[in-house]
Amino acid sequence: MPLLTKYLSPADYGLIRLFNIYTSLLIPLIGLSANEFLRVAIHKLNKLELQTLFSSQFYWTIITFPILFIFFYFSLNQLINHEFSTINIFQIGILTIISSINSSYLIFLIQKKQVKRYVFTMFLKIIIEILFTVVLISIVEIGWEGRIYSWIAAETIILFISLQYFFKSKLLSFSVNINLLKRAITFSIPLIIHGLGRVIIDQSDLVFIEKFSSLNDVGLYSIGYQFGNLICIFCVIFQQFYSPYFFENMKLATNKTKWQSMKVNYIIILVSIVLVLILNLISPLIFQWFNTDYMGGLNYIAWIAISFVMYNGYQMFSLYFHYNEDTRYLTMFTMVAVILNLILNYYLVKKFNALGAAYATIITYSFYFLITAFTAIKKYNIPVFKKGDL
């Protein structure tokens with residue numbers, strides 16, 4: 001991040017964030033998000049069924065991607081053409097298909113509890129991105145696109161590792177089961193709306209800031225958002241490693257296991273709050289390493305960080321809906337949250353500029369968390385407090 005702020009302007013940084021928006025919009029549509037079912041299927045299907053399911057969703061993803069990308073290209077070309085070149089649009093397509101395949105690989109590592117391999121993969125990816133970014137931006141000096149090329153390079157190298165894993169584990173075969181694929185798609189279709197809605201909530205503020213303020217403010221808000229997002233990253237990493245144990249406990253479905261999961265939810269929220277306090281103390285010190293043009297990003301960190309405390313709570317309670325294959329509830333919550341967020345962004349950004357987007361984010365994620373937690377507690381009889389001997 002210090003490198004980007006040194007060699008790139010806030011406007012360049014804003015372009016990187018906008019590129020991420022369009023990439024994020026396409027990713028949930030890949031293969032109708034069928035690979036999301038793998039998280040649960042690994043704990044519910046036998047080995048042969050799992051191999052057949054994976055092969056089915058893998059071929060489905062490869063076959064349907066060209067159609068999806070053509071639709072994406074022609075439907076959004078006019079919208080993003082003034083910001084990005086045709087090459088950039090094709091880069092979005094390359095990143096989404098490769099990232100989708102790699103995400104399946106990471107799902108297997110997490111759910112199979114192959115922690116060392118997962119850590120090695122993520123560490124390798126980070127190192128590759130950093131090296132390519134340093135070379136392309138500070139030495140070759142190709143500007144903000146250097147960050148995109150480094151992303152593509154890292155994902156491509158991980159792709160070869162993923163494919164090697166799939167073949168070695170005999171996950172890829174010529175066996176296809178339409179019924180299993182239908183089950184995966186039925187599970188995942190609600191998550192498409194959920195995923196797109198999450199992107200809209202997460203990224204629409206940048207569009208409103210660009211419209212009602214400036215691209216420079218997009219860059220400043222983006223840098224502050226990335227710092228606040230560290231609170232979310234903590235929960236994402238924890239949830240990835242926690243989810244296999246959660247799914248195993250949910251098979252028992254006793255009051256004791258439910259209370260154990262609730263205690264974990266409390267701990268995550270408490271730790272998130274502590275991290276917010278720490279982040280607000282150290283952020284000014286870290287910003288001293290940045291280009292002074294980015295100092296305005298400090299104004300948004302606290303609001304965004306608090307927002308992600310709420311989102312962390314949502315993530316933990318969403319696991320109950322995933323395990324019980326009730327993802328339609330998450331879709332309904334997301335649709336309401338998206339509408340709320342767009343309305344709030346429109347009025348608050350017009351009135352308070354970029355800070356209004358931060359206000360909209362914290363209100364939206366607070367609603368998201370409360371409605372998800374309340375519904376999960378009522379629907380799955382999750383004890384809020386320990387009552388006697390569970």
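Residues numbered from 1 in each chain as written. Predicted model: local features only at pLDDT ≥ 70, side-chain atom pairs only at ≥ 80, totals over all residues. Heavy atoms only, no water.

**Let's talk about the overall build of the protein chain**
Thinking step 1. From N to C terminus, the protein chain includes 14 helices and 0 strands.
Thinking step 2. Order of helices (α) and strands (β) in the protein chain, N terminus to C terminus: α-α-α-α-α-α-α-α-α-α-α-α-α-α.
Thinking step 3. A globule of 390 residues ought to have a C-alpha radius of gyration of about 21 Å, and the protein chain, at 21 Å, matches this closely.
Thinking step 4. Principal axes of the C-alpha set define a box for the protein chain whose edges measure 55 × 50 × 40 Å.
Thinking step 5. Taken over 390 residues, the protein chain has a buried fraction of 54%.
Thinking step 6. Considering only contacts in the protein chain between residues 6 or more positions apart, those separated by 24 or more positions represent 82%.
Thinking step 7. With the model as given, the accessible surface of the protein chain reaches about 17800 Å², and the carbon-plus-sulfur share is 69%.
Thinking step 8. One finds the centroid of the 28 positive side-chain charges in the protein chain at a distance of 14 Å from the centroid of its 17 negative side-chain charges. (Helix = DSSP H or I, 4+ residues; strand = E, 2+ residues; numbered from the N terminus. Rg over C-alpha atoms; globule rule 2.2 N^0.38 Å. Buried < 20%, exposed > 50% of the residue type's maximum accessible area, 1.4 Å probe, protein only. Contact = heavy atoms within 4.5 Å. Areas by Shrake-Rupley, 256 points an atom, 1.4 Å probe, with all protein chains shown as cover. Lys, Arg positive; Asp, Glu negative; His and termini not counted. Charge placed at Lys NZ, Arg CZ, Asp CG, Glu CD.)

**So, the packing of helix H9 (residues 215-228) against helix H10 (residues 230-252)**
Angle between the axes and distance between the axes are the two parameters that describe a pair of packed helices.
Thinking step 1. For the pair H9 and H10, the least separation of the axes is 4 Å and the interaxial angle reads 40 degrees. Overall, the two elements H9 and H10 adopt an arrangement that is oblique. Between H9 and H10, the contacting residues are Gln 226, Phe 227 and Gly 228 on the first element and Leu 230, Ile 231 and Cys 232 on the second. (Axes fitted to C-alpha atoms, helices over the stretch in contact; angles between N-to-C directions. Parallel < 35°, antiparallel > 145°, perpendicular 65-115°, else oblique.)

**A short note on the pattern of salt bridges**
Thinking step 1. Under the criterion given, the structure shown has 7 salt bridges.
Thinking step 2. Note that Lys 125 and Glu 155 form a salt bridge whose closest N and O atoms lie 3.7 Å from each other. Separated by 30 residues along the polypeptide, Lys 125 in helix H6 (residues 115-139) and Glu 155 in helix H7 (residues 145-168) bring together distant segments of the chain. The residues Lys 125 and Glu 155 share a single accessibility class, namely buried.
Thinking step 3. Between Arg 147 and Glu 129 there is a salt bridge, and its shortest N-O distance comes to 2.7 Å. Of this pair, Arg 147 sits in helix H7 while Glu 129 sits in helix H6, and the two are 18 residues apart along the sequence.
Thinking step 4. Within the structure, one salt-bridge network assembled from shared partners comprises Lys 125, Glu 129, Arg 147 and Glu 155. (Salt bridge = Lys/Arg side-chain N within 4 Å of Asp/Glu carboxyl O.)

**Notes on H10**
The periodicity of an α-helix, 3.6 residues per turn, causes residues three or four positions apart to be oriented the same way.
Thinking step 1. Compared with the 33 Å implied by 1.5 Å per residue over 23 residues, the 33 Å span of H10 between its first and last C-alpha is a close match.
Thinking step 2. Tyr 242 marks the point of greatest bend in H10, at about 45 degrees, and the proline Pro 244 comes within the next four residues.
Thinking step 3. For H10, the set of buried residues is Ile 231, Cys 232, Cys 235, Gln 239, Tyr 242, Ser 243, Pro 244, Phe 246, Phe 247 and Met 250.
Thinking step 4. Among the structural elements, helix H3 (38-44), helix H5 (86-111), helix H8 (178-212), H9, helix H11 (255-287) and helix H12 (298-323) are those in contact with the buried residues of H10.
Thinking step 5. A positive phi of about 50 degrees marks Ala 253, the residue just after H10. (Expected span 1.5 Å × (residues − 1). Bend = angle between axes of the 7 residues up to and from the residue.)

**Some thoughts on the environment of Trp 303**
Thinking step 1. As for its position among the elements, Trp 303 is in helix H12.
Thinking step 2. Relative accessible area serves as the criterion here: at 34%, Trp 303 is assigned to the partly exposed category.
Thinking step 3. Separated by 138 residues in the primary sequence, Trp 303 and Tyr 165 place their C-alpha atoms 41 Å from one another.
Thinking step 4. If near-sequence neighbours (up to four positions away) are discounted, Trp 303 is found in contact with Leu 355, Ala 358, Tyr 359 and Ile 362.

**Thoughts on the packing of H6 against H7**
Thinking step 1. For the pair H6 and H7, interaxial distance at closest approach is 8 Å and the crossing angle is 150 degrees. Considered as vectors, H6 and H7 are oriented roughly antiparallel to each other. Remark: the crossing between H6 and H7 carries right-handed chirality. (Left-handed = near helix turned anticlockwise from the far one by under 90°.)

**Brief notes about the nonpolar core**
Thinking step 1. Of all hydrophobic cores here, the largest spans 112 residues; its most connected members are Leu 53, Phe 108, Phe 166 and Tyr 221.
Thinking step 2. Ranked by residues supplied to this core, first place goes to H12 with 14 residues.
Thinking step 3. Setting aside its immediate chain neighbours within four residues, Phe 108 contacts Leu 38, Ile 42, Leu 50, Phe 54, Tyr 165, Phe 166 and Leu 171. (Core = buried A, V, L, I, M, F, W, Y, C linked by side-chain atoms within 4.5 Å.)

**Some remarks on a nonpolar patch on the surface**
Thinking step 1. A cluster of nonpolar residues, Leu 270, Val 274, Ile 278, Leu 281, Ile 282, Leu 285 and Ile 286, forms a patch on the protein surface that exposes about 630 Å² of accessible area.
Thinking step 2. Position of Ile 286 relative to the elements: it lies in helix H11. (Patch = residues over 30% accessible without salt bridge, like charges linked within 9 Å, V, L, I, M, F, W, Y side chains within 5 Å.)

**Observations regarding the confidence of the model for the protein chain**
It should be kept in mind that the predicted coordinates are not to be read in detail where pLDDT is low.
Thinking step 1. Model confidence for the protein chain is summarised by a mean pLDDT of 85, while 94% of its residues fall at 70 or above.
Thinking step 2. The weakest mean pLDDT in the protein chain belongs to helix H1 (residues 2-7) at 66; the strongest belongs to helix H14 (residues 354-379) at 94. (pLDDT = per-residue confidence, 0-100.)

**Some thoughts on unusual backbone geometry**
Thinking step 1. Phi at Lys 113 takes a positive value of approximately 60 degrees, unusual for a residue other than glycine.
Thinking step 2. Structurally, the position occupied by Lys 113 is in the loop between H5 and H6.
Thinking step 3. In this structure, Asn 353 is a non-glycine residue whose phi angle is positive, near 60 degrees.
Thinking step 4. By the secondary structure assignment, Asn 353 is in the loop between helix H13 (327-352) and H14.
Thinking step 5. The exposure class of Asn 353 is partly exposed, given its relative accessible area of 40%.

**What to know about the packing of aromatic side chains**
Thinking step 1. Within the structure shown, the criterion is met by 40 aromatic pairs.
Thinking step 2. Judged by centre distance (6.5 Å) and plane angle (70 degrees), the ring pair of Phe 58 and Phe 166 falls under edge-to-face. Here Phe 166 lies in helix H7 and Phe 58 lies in helix H4 (residues 47-80), a separation of 108 residues in the sequence. For the pair formed by Phe 58 and Phe 166, the shared burial category is buried.
Thinking step 3. Aromatic ring contacts, followed pair by pair, group Phe 238, Tyr 242, Phe 246, Phe 247, Phe 317, Tyr 320, Phe 321, Tyr 323, Tyr 329, Phe 333, Phe 369 and Tyr 380 into a single cluster.
Thinking step 4. Directly above the aromatic system of Tyr 323 lies the positively charged group of Lys 44, at a separation of 4.8 Å from the ring centroid. (Phe/Tyr/Trp six-rings, centres within 6.5 Å; stacked < 30°, edge-to-face > 60°. Lys NZ or Arg CZ within 6 Å of the ring centre and 35° of its normal.)

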